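A structural walkthrough
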Amino acid sequence: MKPQDISRRNFLRQAACSGAALTLAAYLPAYGHTTSRIINPVTDGTLPGTELLSWISINPAGKVTLMCNRSEMGQGTFQAFPQMLAEELEVSLDDVEIAFAPANPEKYGPQPQEGSFSVRGWAPRLLHTGACAREMLIEAAAAEWHVSKNECYAENGTVINRKTEKRLPYGALVEKAAKLKPPAEVNLKKRADYKIIGKSAPRKDIPLKTNGSAIFGLDKKLPGMKYAVIERSKRFRETVKNFDDSETRKVPGVSHVFKVNRPVFSQYSEGVAVVADSLWAAMQGRKVLKVDWNDPDSDLPATASLEKQMHENLQKIGRHSKFETEYERCGQKLEASYETPYQSHSCMEPLNCTADVRADAIEIWGPIQEANWIQADLSQRFNVPIERVAVHMTFLGGGFGRKAFPDYPYEAAFISKEIQSPVQVVWTREDDMTAGPFRPGAFYTLKGGLDTQGRIHAFQANTATQWIGQEWSATPPGIPEAAGYNTGDFEGLLHPYRKGIPHYSFGGAGTHSPIPVMWWRSVYASTHGFACESFIDELARLAGKDPLAFRREHLPDPRYQALIDRMSELTNWQSHGKNQGWGAAFTECFTGICGHAVKITRNAEGKVRIEKVIALMDCGWYVNPDIIRAQVEGSIVMALGAATLHATTFEDGKAVQQNFDTYPMPRIADIPPIEVHIMENDEKPGGVGEPGLPPFAPALANAIFDLTGRRIRRLPFSLDEIS
Amino acid sequence: MSSYKLSVNGEAYTVDADEQMPLLWVIRDLIGLTGTKYGCGIAQCGACTVHLSGAPVRSCSFPVSAVGEQPVITIEGLSEDNSHPVQRAWIAEQVPQCGYCQSGQIMSAVALLASNADPDDEAINAAMNGNICRCGTYPRIRKAIKTAAGYSH
C-alpha cells in the first residue's frame with residue numbers, strides 16, 4: 001500500500017464503505033427511556049422540546065437544547081458547537097443546554113471525532129443551521145402578526161417587530177416554525193458582528209467536572225448490570241489453548257467465565273472474560289484464572305529487531321535519479337537519521353464500554369470517538385439492522401485517537417449477548433497500556449543540499465514505519481519505494497516548505513509487524529515534524545544562518561512570513577543572551593499551523609531546564625480562544641512526555657511498559673511556563689486539537705543544540721542526561 | 001467478607017466487603033459515588049484521591065479494612081453546587097479538559113490549601129506531583145490553586 005494512500009480520512013472512508021451502509025431510514029431508539037432534563041448530556045435522541053432542523057430543540061418555555069454530534073474528550077467541541085449554533089440562532093449561551101447526539105449519520109452527519117475536524121469541518125453547516133432556524137422563527141412571527149418578514153428581527157431568543165416593537169419569544173413560535181420549509185438561502189453574519197463566536201465563553205461541561213457529576217463511560221450504570229474484565233493475550237496474536245477457571249468460579253459474585261475475542265484490524269485477538277456482580281469480584285476472579293496460550297502464528301516482535309528492520313528498509317527505498325542529480329550538484333550536503341518510538345495513548349480513563357444486547361437490538365454507552373463506525377461495525381458483526389443499534393456517547397476521559405477504534409465496544413456487546421444481561425467491560429490500566437493499538441515508531445533518513453547562497457536546493461525524506469491501516473490488509477506491505485518527487489502527501493513532513501525548496505523527494509517503507517498501530521494525537525506529524533524541523537535546523541546551521549531567518553527564507557507564503565515575524569517579536573529573538581539555548585519549529589497538520597519556541601538554560605547543577613515555551617497557533621477563523629490556548633498548553637505537555645519521558649518498547653512479542661510506574665507521565669513540577677498566542681487573520685478555520693503538538697519536540701531539540709552543540713536525533717531522551 | 005461502618009461525606013454507610021477491597025471500589029461500586037476515578041490501581045496517578053481524616057490518600061491502593069473510624073471525604077463532599085473555593089477557582093481558570101483526573105486534582109489541592117493557605121510554586125509541586133493529567137492542564141491547575149488561595153484571604 002502506498003504511504004500517500006493511508007491518510008486517516010481515506011482509511012476511515014474505506015473502512016466505512018467496507019462495512020454496512022451508513023444510511024438510516026429513520027432513527028428509532030432501541031428502548032424507550034426519557035431524558036427530560038439534561039444534566040449529563042448522554043441522550044437517546046429524545047429532546048425536551050420541538051425539534052428544529054434536527055440540531056435545535058425549543059420547549060414552550062423557550063428553553064433551547066442544542067445537539068453536539070461529536071464526542072467531548074477535553075478538546076472543547078461540546079462548547080464550540082453550541083457557540084456556532086447560538087450565534088446565528090440569536091440565543092444567549094446562558095440559556096441553552098447541550099446534549100450529545102446519539103449515532104445517527106442521517107440526522108447529524110458523520111460523527112467521528114478525529115482529524116481536529118470539529119470546527120474546521122462543521123462551521124459552515126452549523127452556522128447555516130442556526131441561521132435557517134432563526135429565519136424560520138422570524139417567518140412564524142411575521143405570519144402571526146400578518147407583516148412582512150423584513151419588518152422583524154431576532155434577538156436573544158425573541159422575535160421583534162421593528163415598527164410595532166411587539167415581541168414573541170421563540171418558545172411561542174417553535175411549533176409553527178418547525179412546520180415551515182427552511183429557507184434556501186440565508187445571510188450569515190459578518191465576523192465583526194459576532195457576539196458569541198470568537199469569545200472565550202466558559203465551557204458548559206466544566207462545572208460537571210469539578211463536582212464529580214460528569215458521567216464518563218466508567219460511571220454508566222444500568223439496572224442489573226454486571227461487570228467483566230478480560231484476561232487478554234499479552235503476546236500479540238496468541239490464541240487461547242485452554243483455561244482453568246476452577247478457582248475463579250469459587251470467587252463470590254463470579255457468574256460466567258468464557259472465551260471472547262476482539263477485532264483488531266484483519267485479525268481477532270483472543271481472551272477469557274470473567275463476569276461478576278461487581279468489578280472487584282471480576283478482578284479477583286481474573287487473578288486466579290489460569291490460561292494456556294497457543295504460540296502466535298507470527299514473529300514475536302522486539303524493539304531491537306523492529307529497529308533493525310526499519311534501518312534495513314530505509315536502505316532498500318528506491319532512488320530518485322532526478323533528486324540524486326540535483327543533490328550531487330550541491331556544494332554543501334548533509335545526511336542524518338532520526339528515530340522515534342512507539343507510544344501508548346494512555347488516556348486517563350482506561351477503555352471501557354457498557355452494552356445491553358437483546359434478541360433484536362444492541363444498545364451501548366461509552367467513551368466513544370467513532371459513533372458511526374461502531375454502529376455500522378456492530379450492525380454488521382452481530383447481524384442486527386443498523387437502526388436497531390443505538391450508540392450513546394458519554395464524556396470521554398481522554399481519547400487521543402484510541403477511542404476511535406471499535407474493538408472495545410465489540411467486546412462489550414459480545415459478552416452482553418453471551419450472558420443475556422447488560423454488562424460493563426472494564427480494562428485495567430495494564431490492559432489499556434499493553435494491548436495497543438500504539439502510535440507507530442518511525443525512522444527517517446534525511447538528506448539536504450545547499451546552493452551557493454546557502455539555500456536548500458534539494459531535500460529528501462525517507463521514512464520507515466508501520467503505516468497505520470496496513471494491518472487492515474492481510475497482504476504484507478510492498479517493496480519500499482521512492483514515493484514521490486516534488487509530490488506526495490506526508491502530513492507534517494516538509495508541508496510548509498514545498499514552495500520554498502526546488503527539489504524534494506519522499507520515500508516510504510512499510511514495516512511489517514504484528515504490533516497493532518493506529519493514530520495518536522497529530523498522527524504522522526507527531527514523528528515527521530520532529531525529523532523534518534530538526535533537520536531544517538541542521539541545514540540552517542550548515543548554512544551559517546539564524547534558524548528563524550533561514551525558515552523565513554524557505555517559507556515564502558505570506559501566512560508563514562507573518563507567523564515567523566510574530567514569533568520573532570514574541571520571543572524577542574534578537575535578544576538571545578549567553579548561556580541560553582533557543583529553538584523554534586513550525587509544523588502544519590490538519591490545516592492548523594503552529595510554531596513553538598523553547599528557551600532553555602542550565603540550572604545550578606548544570607542540568608538543562610526549560611525556561612519557557614512560547615506557542616503561536618494559526619488556525620484561521622476560530623470560535624473560542626480560551627479553548628485554543630488550553631489545547632495548545634495540553635499538546636505541549638503531551639509532547640514533552642513523548643519527547644523526554646516515555647516510550648513503549650517490546651520484548652518477546654509483548655509490550656514492556658504496563659503502568660505509569662514504567663511509562664512515566666509529565667507531572668506538574670516538569671511543566672515550564674507556557675505562553676500561547678493566536679494569529680488573527682481571516683483564513684479558513686483550521687484544526688486545533690492536534691496541530692499544537694508536533695512542533696514541541698523539534699523546538700526543544702533545536703534549543704538543546706543551540707545551548708550545547710549536541711544534536712538530538714532519537715526520541716525519547718532524558719533532559720537529565722543533557723549537559 | 002466483613003461488614004464495615006464508614007463515614008463518607010458525613011453520611012454513615014455499612015458495607016459488606018472483602019477486607020482487601022480498595023476504598024476506591026467501595027466508594028464507587030458499593031456506595032455509588034462515581035466522582036472518584038480509577039486511573040492506575042497502583043497509586044501512581046492520583047485520579048482516585050480522597051481525604052481520610054483530612055489527608056489525601058490514593059483510594060485505589062487503600063484497603064477498606066484500614067479505614068477504621070476515619071471520616072472519608074470525596075469530591076462530592078466538597079459541595080453540591082460548586083461553591084467550595086477550590087471548585088470556584090477551577091471553574092474561574094477553566095481548568096478541566098477531559099476532566100477525568102480533576103476530582104483527584106481538586107482533592108489534592110484542597111488538602112494542600114488546608115495545610116498551607118498561600119502555597120508557593122514549590123509547595124504546589126510537592127503537593128500536586130502525585131496527580132497525573134494526560135490533557136496537560138497543569139499550568140491552569142497551578143493558577144487555580146493560587147486563585148483559590150486568594151479567595152480565602
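No experiment lies behind these values; they were computed from the predicted model shown.

1. Structural notes on the overall build of chain B
- For chain B, the count of helices and strands is five helices and five strands.
- Reading chain B from its N end, one meets helices and strands in the order β-β-α-β-β-β-α-α-α-α.
- Here the C-alpha radius of gyration of chain B, 15 Å, is about what a compact globule of 153 residues would show, namely 15 Å.
- Here chain B holds 153 residues, and 59% of them are scored as buried.
- Across chain B, contacts joining residues at least 24 apart in sequence account for 58% of those joining residues at least 6 apart.

2. Digging into the sheet that holds strand β2 (residues 56-58) of chain A
Residue and element names in this part refer to chain A.
- Strand order in the open sheet made by the four strands is β1-β2-β3-β4, with mixed pairing throughout. Single-partner strands in this sheet number two, and they are β1 (50-52) and β4 (96-100). Taken pair by pair, the neighbouring strands of this sheet meet at an average axis angle of 30 degrees, ignoring direction.
- Bridge count between β1 and β2: three bridges; the pairing is antiparallel. When the bridges of β2 are listed, L52 appears paired with I56.

3. A closer look at helix α2 (residues 85-92) of chain B
Residues and elements named next belong to chain B.
- Taken as a whole, α2 has its buried residues at V86, Q87, A89 and W90. Down the axis of α2, the buried side of the element spans an arc of 160 degrees, and every buried residue falls inside it.
- Just downstream of α2, Q94 is the residue with a positive phi angle, here 50 degrees.

4. Observations regarding the domain arrangement of chain A
Residue and element names in this part refer to chain A.
- You can read the domains of chain A as domain 1 (41-199), domain 2 (217-298 + 351-426) and domain 3 (304-342 + 438-721).
- When each unit is reduced to the centre of its C-alpha atoms, the spacing between domain 1 and domain 2 is 38 Å.
- With 15 residues of domain 1 in contact, the opposing surface of domain 2 contributes 20 residues.
- Grouping the constituent residues of the side of domain 1 that touches domain 2 by class yields eight nonpolar, four polar and three charged.

5. Examining unusual backbone geometry
Residue and element names in this part refer to chain A.
- Between G436 and P437 the backbone carries a cis peptide bond, its omega angle lying at -5 degrees.
- One can find P437 in the loop between α11 (429-435) and β18 (442-450).
- In this model, L715 is joined to P716 through a cis peptide bond whose omega is -10 degrees.
- For P716, the location among the structural elements is in the segment after α16 (696-708).
- For H146, which is not glycine, the phi torsion reads 55 degrees and is therefore positive.
- You can see H146 is positioned in the loop between α4 (118-145) and β5 (152-155).
- At D652, a residue that is not glycine, the phi angle is positive and equals roughly 50 degrees.

6. Focus on the packing of helix α3 (residues 102-115) of chain B against helix α4 (residues 121-128) of chain B
Residues and elements named next belong to chain B.
- Remark: α3 packs on α4, axes separated minimally by 9 Å, with the N-to-C direction vectors making an angle of 130 degrees. In this view, α3 runs oblique relative to α4, as classed from their interaxial angle. Our pair here, α3 against α4, has a crossing hand that is right-handed. Contacts from S108, A109 and L112 in α3 reach A123, A127 and M128 in α4.
- When the residues that make up the contact of α3 with α4 are grouped by side-chain class, the tally is five nonpolar, one polar and no charged.

7. Remarks on the pairing of strand β10 (residues 254-264) of chain A
Residue and element names in this part refer to chain A.
- Pairing of β10 with strand β11 (residues 267-276), which is carried by 10 bridges, proceeds in the antiparallel orientation. Pairing of H256 across the sheet is with V275, part of β11.
- The turn linking β10 back onto β11 is made up of two residues, and F265 within it adopts a positive phi angle of 55 degrees.

8. Quick look at the interface of chain B and chain A
- Taken residue by residue, the interface counts 44 residues in chain B and 45 residues in chain A.
- The biggest single contributor to the side of chain B that touches chain A is helix α5 (residues 138-151) of chain B, with four residues.
- Of the residues belonging to the side of chain B that touches chain A, the class tally is 22 nonpolar, 17 polar and five charged.

9. A closer look at the confidence of the model for chain A
- Confidence along chain A averages 90 in pLDDT terms, with 93% of residues attaining 70 or more.
- Contacts from residues 1-40 of chain A, a stretch scored under 50 in pLDDT, to residues over four places away or in other chains number 80 contacts.

10. With respect to the nonpolar core
- If you look at the biggest cluster of nonpolar residues, it comprises 264 residues, and the most contacted ones within it are L137, A228, V274, A282 and A615 of chain A.
- In this structure, A282 of chain A is in contact with Y227, A228, V229, V254, V274, V275 and A276 of chain A, ignoring residues within four places of it in sequence.

11. Considerations on the domain arrangement of chain B
Residue and element names in this part refer to chain B.
- What the domain assignment reports for chain B is domain 1 (2-75) and domain 2 (85-151).
- A separation of 21 Å is found between the C-alpha centroids of domain 1 and domain 2.
- Opposite the 15 residues of domain 1 that make contact, domain 2 presents 12 residues.
- Elements that contribute at least two residues to the side of domain 1 that touches domain 2 include exactly β3 (49-52) and β4 (55-58).
- Tallying contributions element by element places β3 first for the side of domain 1 that touches domain 2, with three residues.
- Among the residues forming the side of domain 1 that touches domain 2, the class breakdown is seven nonpolar, seven polar and one charged.

12. With respect to the packing of α2 of chain B against α5 of chain B
All names here are of chain B.
- Between α2 and α5, the shortest axis-to-axis distance is 8 Å and the interhelical angle comes to 130 degrees. Viewed along their axes, α2 and α5 adopt a mutual orientation that is oblique. Note on packing geometry: the crossing formed by α2 with α5 is right-handed. Between α2, through P85, V86, R88, A89, W90 and A92, and α5, the contact on the second element is made entirely by A144, T147, A148 and Y151.
- Of the residues in the contact of α2 with α5, the class split is eight nonpolar, one polar and one charged.

13. Quick notes on the environment of P664 of chain A
Residue and element names in this part refer to chain A.
- Residue position: P664 is located in the loop between β26 (654-655) and β27 (674-678).
- For P664, a count of 15 C-beta atoms within 10 Å puts it in the partly exposed group.
- Separated by 106 residues in the primary sequence, P664 and P558 have C-alpha atoms spaced 41 Å apart.
- Setting aside its immediate chain neighbours within four residues, P664 contacts L645 and H646.

14. Notes on the confidence of the model for chain B
- Per-residue confidence for chain B gives a mean pLDDT of 97, with 99% of residues at or over 70.
- Among the scores for the predicted complex, ipTM is 0.98 and pTM is 0.94.

15. Describing helix α8 (residues 321-329) of chain A
All names here are of chain A.
- Every buried residue belonging to α8 is among F323, E326 and Y327, and all of these are buried. Looking down the long axis of α8, one finds its buried residues gathered within 100 degrees of arc, a one-sided arrangement. For α8, the exposed residues set more than 90 degrees away from the buried face come down to S321, T325 and E328.
- Those residues of α8 that are buried lie in contact with β13 (332-340), β18, β19 (456-465), β20 (481-485) and β21 (503-510).

16. Examining the pairing of β11 of chain A
Residue and element names in this part refer to chain A.
- Counting buried residues along β11, eight of its 10 residues qualify, which places the element largely inside the surrounding structure.
- For strand β8 (residues 226-232) and β11, the ladder comprises six bridges, and the chain directions are antiparallel. For I230, the partnering residue across the bridge sits in β11 and is A273.

17. Regarding the sheet that holds strand β24 (residues 608-618) of chain A
Residues and elements named next belong to chain A.
- Read across the open sheet, the four strands follow the order β22-β23-β24-β27; overall the sheet is mixed. Only two strands of the sheet have a single neighbouring strand rather than two, namely β22 (580-589) and β27. Each adjacent strand pair in this sheet contributes to an overall mean axis angle of 15 degrees, direction not counted.
- Two strands pair when backbone bridges link them, and β24 and β27 are joined in this way by five bridges, in the parallel orientation. Residue pairing in the sheet places L616 in a bridge with H677 of β27.

18. A closer look at the environment of W90 of chain B
- Relative to the helices and strands, W90 of chain B is located in helix α2.
- Along the sequence, W90 of chain B and K143 of chain B sit 53 residues apart, while their C-alpha atoms lie 8.9 Å from each other.
- With sequence-adjacent residues up to four places away left out, W90 of chain B is seen in contact with T210 of chain A together with V95, P96, Q102, I106 and A144 of chain B.

Scoring rules and cut-offs
- Residues numbered from 1 in each chain as written.
- Chains lettered and ligands numbered in written order.
- Predicted model: local features only at pLDDT ≥ 70, side-chain atom pairs only at ≥ 80, totals over all residues.
- Helix = DSSP H or I, 4+ residues; strand = E, 2+ residues; numbered from the N terminus.
- Rg over C-alpha atoms; globule rule 2.2 N^0.38 Å.
- Buried ≥ 20, exposed ≤ 12 C-beta atoms within 10 Å, placed from the backbone.
- Contact = placed C-beta atoms within 7 Å.
- Pairing = 2+ DSSP bridges.
- Axes fitted to C-alpha atoms, helices over the stretch in contact; angles between N-to-C directions.
- Arc of directions from axis to C-beta.
- Domains from an automatic or database assignment.
- Nonpolar A, V, L, I, M, F, W, Y, C, P; charged D, E, K, R; others polar.
- Parallel < 35°, antiparallel > 145°, perpendicular 65-115°, else oblique.
- Left-handed = near helix turned anticlockwise from the far one by under 90°.
- pLDDT = per-residue confidence, 0-100.
- Core = buried A, V, L, I, M, F, W, Y, C linked by C-beta atoms within 7 Å.

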